[in-house]
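Listed below, chain by chain, are the residues.
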Amino acid sequence: MAKPAMKTVFQMIDAALKLDPEKLEGSEGVYQFNITGEDSGTYQMIIDENGGKAIEGTEKDPNCTLTISDEDYRDMLAGALNPTEAFMSGKLTIEGDIGLALKLQGILDEYAPRV
Amino acid sequence: MVHHESFQTVKGSINWDDPMYKLYEKAKKIGTWNPADIDFSQDAKDFQSLRDEERITALPLVSAFSAGEEAVTLDILPMMHAMANQGRLEDTMYLTTFVHEEAKHTEMFARWQKAVGIANLDLSVFHTDSYKKIFYEELPESMNRLLTDDSPEAVIRAATVYNMVVEGILAESGYNAFREIFRKAGLFPGLLKGIDYLNMDEGRHIQFGIYTIQRLVAGNDENYKIFNDYIDELWVHAYDFINYLTDLAVQQEKLITYESKVKVDPNLLKSFAERQYKIRKSKIDRVRKYESAEELERAIQ
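Calculation notes
Residues numbered from 1 in each chain as written. Chains lettered and ligands numbered in written order. Predicted model: local features only at pLDDT ≥ 70, side-chain atom pairs only at ≥ 80, totals over all residues. Heavy atoms only, no water. Helix = DSSP H or I, 4+ residues; strand = E, 2+ residues; numbered from the N terminus. Buried < 20%, exposed > 50% of the residue type's maximum accessible area, 1.4 Å probe, protein only. Contact = heavy atoms within 4.5 Å. Axes fitted to C-alpha atoms, helices over the stretch in contact; angles between N-to-C directions. Parallel < 35°, antiparallel > 145°, perpendicular 65-115°, else oblique. Left-handed = near helix turned anticlockwise from the far one by under 90°. Nonpolar A, V, L, I, M, F, W, Y, C, P; charged D, E, K, R; others polar. Buried area = accessible area lost by both parts, 1.4 Å probe. Salt bridge = Lys/Arg side-chain N within 4 Å of Asp/Glu carboxyl O. Polar contact = N/O pair within 3.5 Å; in protein donor to acceptor, adjacent residues only side chain to side chain.

A. Region of the structure containing the environment of B:L170. Residues and elements named next belong to chain B. Locating L170 in the fold gives a position in helix α9 (residues 152–185). Under the relative-accessibility criterion, L170 is labelled buried at 13%. Sequence separation between L170 and I242 is 72 residues, and the spatial gap between their C-alpha atoms is 8.2 Å. Beyond its immediate stretch of four places on either side in the chain, L170 contacts I134, F135, V165, A238, F241 and I242.

B. Region of the structure containing the packing of helix α6 (residues 77–85) of chain B against helix α7 (residues 89–116) of chain B. All names here are of chain B. Relative to each other, α6 and α7 sit at 165°, their axes nearing to 9 Å. If you check the angle between α6 and α7, you find them roughly antiparallel. Where α6 crosses over α7, the handedness of that crossing is left-handed. Here L77, M79, M80, M83 and A84 of α6 lie close against α7, whose contacting residues are D91, T92, L95, T96 and V99. Classifying every residue of the contact of α6 with α7 by side-chain character gives seven nonpolar, two polar and one charged.

C. Structural context of the interface of chain B and chain A. Tallying the contact residues gives 15 residues for chain B and 14 residues for chain A. A buried area of about 1300 Å², summed over both sides, lies between chain B and chain A, and 74% of it is on carbon and sulfur atoms. On the chain B side of the interface with chain A, the three residues burying the most area are B:D52, B:V125 and B:L255, jointly 40% of the side's total. Along the contact surface separating chain B from chain A lie zero salt bridges. On the surface where chain B and chain A come into contact, there are one residue pair in polar contact (both at pLDDT 80 or more). A per-element tally of the side of chain B that touches chain A places helix α11 (residues 221–255) of chain B first, with five residues. Looking at side-chain class alone, the side of chain B that touches chain A contains nine nonpolar, two polar and four charged residues.

D. Examining the pattern of salt bridges more closely. Residue and element names in this part refer to chain B. Within the structure shown, the criterion is met by 24 salt bridges over all chains. Residues K184 and E180 are paired through a salt bridge, measuring 2.6 Å at the closest nitrogen-oxygen approach. Highlighted residues: K184 and E180, both in helix α9, separated by four residues, approximately one helical turn. Since its relative accessible area comes to 65%, K184 is described here as exposed.

In structure tokens:
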């Protein structure tokens, strides 16, 4: 089965965030994903008092920027690679608030499509 | 100092009772450890035995120390330059050991990072704006000012940021955190041994800073104010960074959903740092009772 495009993956995350925003409390911030590789692109996950959304491109200044390859990001969504492991192995580089980045694990556990 | 007018050891001798000379003697006797002799093999095994969520607990502290030790290694020379220009022979002699020790501290952390396999991991993500304010800006600015200005104000500011805040508050608090977390967990014996050596060296370094400031503050309220205002200004940033470390530790602990040896007490670092801040201030405050630096020197020697 063909893997969904990265754009579609973020659309799926967007839908999940909007469907069930209650578990986002305490994770407020702007997470920017710089995805490298064949399916590269820039996306943001914006979580604020109104809930959460994921968009393609940039809408706000990020609190933390995560740079990762498309393949490693897919592994992360599939649960085969957690953000801490990715950071420790150098697969994920983080700029900005690493405290916020650490919360990503919980968010992905709740909202990531298993693609 | 373009020309020498005379030489202390020709006209007379070294002041063997000078507190700075005594620090020099101690450094020669005690500060002989070699970072290359520390065995980090158990540390490497310990690191491998941990899960990623546990491993990451060590990184903010290691990141702060690696950069911190490198910064103080690179930034200490202007102090030596200033003391030499003032003809302070005993201070200059002591500072020769100080410079060497800072280089060893930088080496020790670099060796540990290499031994556990994180030498190529970019840890600068842990440097917050507050950390950068102290280590990237205030420290080099205050120290480099000494190259062209060795006034009491410049010396006080340099010793305040270097010896009182970076070494006396942040490094001391960091050593304590390492011991609290990893000694209790029975991990990283090599690193902890290195920390013990570092701590002994830093004790002398802090003493150098305390005495340098004390002799400028004795009988001089204006100089005392320079010290007091500057340490208060820097404390805001130091405490903000410590808050960040403790908040991060809380976040990291949430990721550890299994039984782990690595435990962090978030209040410990804060309360320890606060205590260091108060101690540093009190060490300077106590010499205000002296009328002059000469009176202080007579009382100490």
